[in-house]
Amino acid sequence: MTVTDPMIRLREASALMRQGRAGEAAEIFAEIARANPRQPELQNNLGVALKAAGRLKEAAQAYRRALKLAPDYAVAEGNLARVLGALGDGSGAVRHFESAHGRAPDAGYLADMLDVLAGLRFQSPDAKMKAVMSGLFARRDIDLQRLAPAALSLVIANRTYAKGADMAWRWLRDGGKSPPPLPDDPLLDQLLVWTTLPDPRLEAWMTAERRRLLLEGRGSVKAEKLAALALQAMTAEHAWMEAADETSAVDALLSQDALSLEEALLVAFYRDPANVPAAIKALRDSAKDGMTMLVLERAITEPDAEKALAAALPALTPMGEDTISERVRDQYETHPYPRWRTVDGHIRRKPLDVHLRERFPAMRFDGIDTIRPRLLVAGCGTGRHAIQTAARYEGVEVTAIDLSRRSLGYAARMAEELGRTNIRFAQADILGLGALEERFDVIECSGVLHHMADPMAGWKALRGLLKPDGLMRVALYSDIARARFAGLQAEIEAEDETEISAEIRRRRNDILKLGEDDPAAIVWQTGDFYSLSGCRDMLFHRREVRYGWPEIGAAVAELDLKMVGVETPTAALKALYRKRFPNDPAATNPANWDMLEREHPDSFLAMYQFWCQA
């Protein structure tokens with residue numbers, strides 16, 4: 001007897017999905033959908049099964065049928081967006097995620113849209129995508145830096161702008177003809193104000209524009225346009241190339257007893273206006289609102305607040321007992337890193353155990369508190385990651401420590417502005433944390449251990465603070481990935497802040513003159529290269545130790561930890577691993593990762609990031 005009850009058939013299809021037999025399940029869903037052509041949920045279910053079976057184009061058709069039946073069906077629209085992304089139609093994915101978010105604002109579609117958008121690079125003008133991007137840049141609850149490369153590609157997709165950027169690049173590298181003025185583009189203005197522009201051609205163009213306005217263009221541009229470029233120069237910490245005639249012109253301005261608002265902004269192109277009383281007076285007297293007021297706030301108001309907050313923070317350990325720690329602390333007192341502006345404020349808060357089970361479904365967490373977890377961020381720098389962590393987990397209490405009070409002051413100010421009250425900042429040296437009585441459910445230490453005299457000593461100190469079954473997230477530099485630009489790296493011996501900054505500028509200028517096919521030119525693709533503090537952290541650090549997967553595996557074993565997860569910069573890299581090593585579905589074998597990285601040496605250009613459990 002043939003079974004025709006649709007509910008029984010649906011249960012059968014669902015069971016097949018759980019067994020991984022998506023193709024068979026899709027046939028059943030298709031059969032039921034044909035018998036019930038007016039039910040959008042059936043078309044959505046069919047699309048889910050088809051996607052799981054790898055039949056992406058058919059899945060997209062099913063989701064479109066669901067939306068035709070129910071235009072407000074946000075789940076189907078989100079599913080369609082994911083399939084379009086998998087098919088390579090990023091713009092289509094963004095549009096449908098945006099629409100799904102409008103219908104279901106709390107369902108997480110905005111985060112999905114941002115993930116897709118951040119990975120896009122536009123080769124031709126796209127007015128709809130530019131409108132979407134401009135709308136996002138009007139918000140302050142989004143990590144705009146992550147969107148900067150995509151947004152910049154939308155600007156440069158304009159052929160006239162692209163020619164201007166290419167001309168500026170030739171001017172910087174070869175002494176060619178000066179480029180035209182920077183274009184009057186609202187999205188570019190937002191990029192200048194809220195991000196560090198990570199592109200060598202744009203840096204060349206901004207460098208040329210700064211020079212033109214100082215030497216030839218006075219009175220030709222409104223104050224708001226000057227302020228936008230000044231804010232970008234300040235964000236880059238005045239890292240751009242400066243010719244002798246520019247230095248002379250700036251010195252002439254600095255010698256004046258009084259400055260106009262235009263002159264004060266020209267000074268801010270080249271120098272920290274906080275150190276120029278006449279510039280500060282001009283800004284205070286004339287800056288009313290908008291970008292000119294932002295120049296004053298970033299030069300004076302914010303640093304003053306950071307100093308006050310930093311002075312009030314406690315110290316959890318003695319300072320000054322380790323020579324390398326002191327040298328590293330001095331670096332970040334001079335150049336706090338990174339100077340971030342925005343973070344994602346739309347993170348969906350979840351209990352810690354929900355996050356952990358999504359990431360590590362086969363693990364047990366019996367020894368830790370998942371209701372009110374205590375989390376340590378060891379080496380929080382300017383607080384970006386710590387603040388996001390405090391927003392991610394329900395009930396979490398975060399302790400964030402760092403060597404540098406100046407960095408902590410920045411972090412505390414940003415946490416205050418963002419309303420993060422579940423985070424405690426304190427000055428501490430990881431090496432001194434052994435005396436701490438508190439124990440933590442999760443410890444995160446990203447980009448810190450490899451700057452210590454003895455990274456293993458620091459790692460052992462953190463291990464002693466971890467509860468049984470507790471988790472540790474660690475990030476370390478890859479020796480293989482950083483070999484591409486190891487020849488550029490060197491410690492800067494100067495101690496004076498002005499001399500250090502000047503030396504970084506000189507070396508950056510040399511790096512910008514590398515051949516475009518030079519392997520070391522990969523640093524142009526990193527965001528860190530485009531500010532003094534970032535460039536120093538990446539290339540001219542006081543102390544750096546690099547690792548390989550064999551060393552990491554040995555260290556994890558020595559610390560009596562278990563590797564439970566490896567974060568990859570792209571989903572494609574994780575998929576490549578699982579295809580190559582199907583017998584390790586957890587993708588945690590250091591020997592396998594070592595093999596894969598040697599075949600794909602740029603895989604961990606930023607850092608290795610992995611999770612361990614006690």
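Scroll up for the structure.
Computed from a predicted structure; not experimentally measured.

A. Here's a closer look at the pattern of salt bridges. Tallied over the full model, the rule gives 49 salt bridges. Residue R103 is joined to E77 by a salt bridge in which the shortest nitrogen-to-oxygen separation is 2.2 Å. With a gap of 26 residues between them, R103 in helix α6 (residues 90-103) and E77 in helix α5 (residues 74-86) connect regions that are remote in the sequence. Overall, R103 belongs to the partly exposed group, its relative accessible area being 36%. In this structure E77 comes out as buried when scored by relative accessible area, which is 6%. Between E438 and R424 there is a salt bridge, with its nearest N and O atoms 3.3 Å apart.

B. Fine view of the packing of aromatic side chains. Per the counting criterion, the structure on display carries 14 aromatic pairs. Taken together, a centroid distance of 4.5 Å and an interplanar angle of 50° make the contact between W549 and Y608 tilted. Pair noted here: W549 is in helix α26 (residues 549-558) and Y608 is in strand β7 (residues 608-613), with a separation of 59 residues, a long-range link. Pair check on accessibility: W549 and Y608 agree, each one buried. Summarising the aromatic geometry, the rings of Y577 and F581 are spaced 5.0 Å apart at their centres and angled 50° between planes, so their arrangement reads as tilted. Overall, Y577 belongs to the buried group, its relative accessible area being 0%. Of the residues examined, F581 reaches a relative accessible area of 12% and is grouped as buried. Clustering of aromatic rings is evident, with ring pairs tying together W459, W549, Y577, F581, W593, F604, Y608 and F610. Sitting over the face of the ring of Y410, R413 holds its NZ or CZ atom 5.0 Å from the ring centroid.

C. Here's a closer look at the pairing of strand β1 (residues 374-378). Of all five residues in β1, four are buried; the element is thus mostly enclosed. Inspection of the sheet shows β1 paired to strand β2 (residues 397-402) by five bridges, in the parallel sense. Its bridge partner lying in β2, R374 is registered against E397. Between the parallel pair β1 and β2, the chain is carried across by helix α20 (residues 384-392), and the sense of this crossover is right-handed.

D. Examining the layout of surface pockets more closely. Empty space within the second largest pocket amounts to approximately 1,300 Å³. Lining of the second largest pocket is provided by 41 residues; of these, H238, D272, N275, R406 and E497 occupy positions nearest its centre. Those elements that place two or more of their residues in the lining of the second largest pocket are α13 (223-235), α17 (290-312), α21 (405-417) and α24 (497-512). With nine residues, α17 is the single largest residue contributor to the lining of the second largest pocket. Each residue belonging to the lining of the second largest pocket can be placed in one class, and the counts come to 15 nonpolar, nine polar and 17 charged.

E. Structural detail: helix α18 (residues 323-334). With 12 residues, α18 extends 17 Å between its outermost C-alpha atoms, agreeing within 8% with the 16 Å of an ideal straight helix rising 1.5 Å per residue. Those residues of α18 that are buried lie in contact with α21, α24 and α25 (532-539). Of the residues flanking the start of α18, the one acting as N-cap is D322, its side-chain oxygen 3.3 Å from the backbone nitrogen of I324.

F. Region of interest: the sheet that holds β1. Here seven strands make up an open sheet; going across it, the order is β3-β2-β1-β4-β5-β7-β6 and the pairing mixed. One side of each edge strand has no neighbouring strand; the edge strands of this open sheet are β3 (423-427) and β6 (562-567). Taken over all neighbouring pairs, the strand axes of this sheet differ in orientation by 20° on average, direction set aside. Relative to β3, β2 runs parallel, the two sharing five bridges. Bridging from a neighbouring strand, I401 pairs with A426 of β3. Its contacts with the sheet place α26 against β5 (466-476), β6 and β7, and it is angled at close to 20° to β7.

Rules used throughout
- Residues numbered from 1 in each chain as written.
- Predicted model: local features only at pLDDT ≥ 70, side-chain atom pairs only at ≥ 80, totals over all residues.
- Heavy atoms only, no water.
- Salt bridge = Lys/Arg side-chain N within 4 Å of Asp/Glu carboxyl O.
- Helix = DSSP H or I, 4+ residues; strand = E, 2+ residues; numbered from the N terminus.
- Buried < 20%, exposed > 50% of the residue type's maximum accessible area, 1.4 Å probe, protein only.
- Phe/Tyr/Trp six-rings, centres within 6.5 Å; stacked < 30°, edge-to-face > 60°.
- Lys NZ or Arg CZ within 6 Å of the ring centre and 35° of its normal.
- Pairing = 2+ DSSP bridges.
- Right-handed = clockwise from strand over helix to strand, strands pointing away.
- 1 Å grid on protein atoms, 1.4 Å probe; cavity = no way out; pocket = protein on both sides within 12 Å on 5 of 7 lines; lining within 4 Å.
- Points joined across faces, edges and corners; volume = space filled by probe spheres on them.
- Nonpolar A, V, L, I, M, F, W, Y, C, P; charged D, E, K, R; others polar.
- Expected span 1.5 Å × (residues − 1).
- Contact = heavy atoms within 4.5 Å.
- Polar contact = N/O pair within 3.5 Å; in protein donor to acceptor, adjacent residues only side chain to side chain.
- Axes fitted to C-alpha atoms, helices over the stretch in contact; angles between N-to-C directions.

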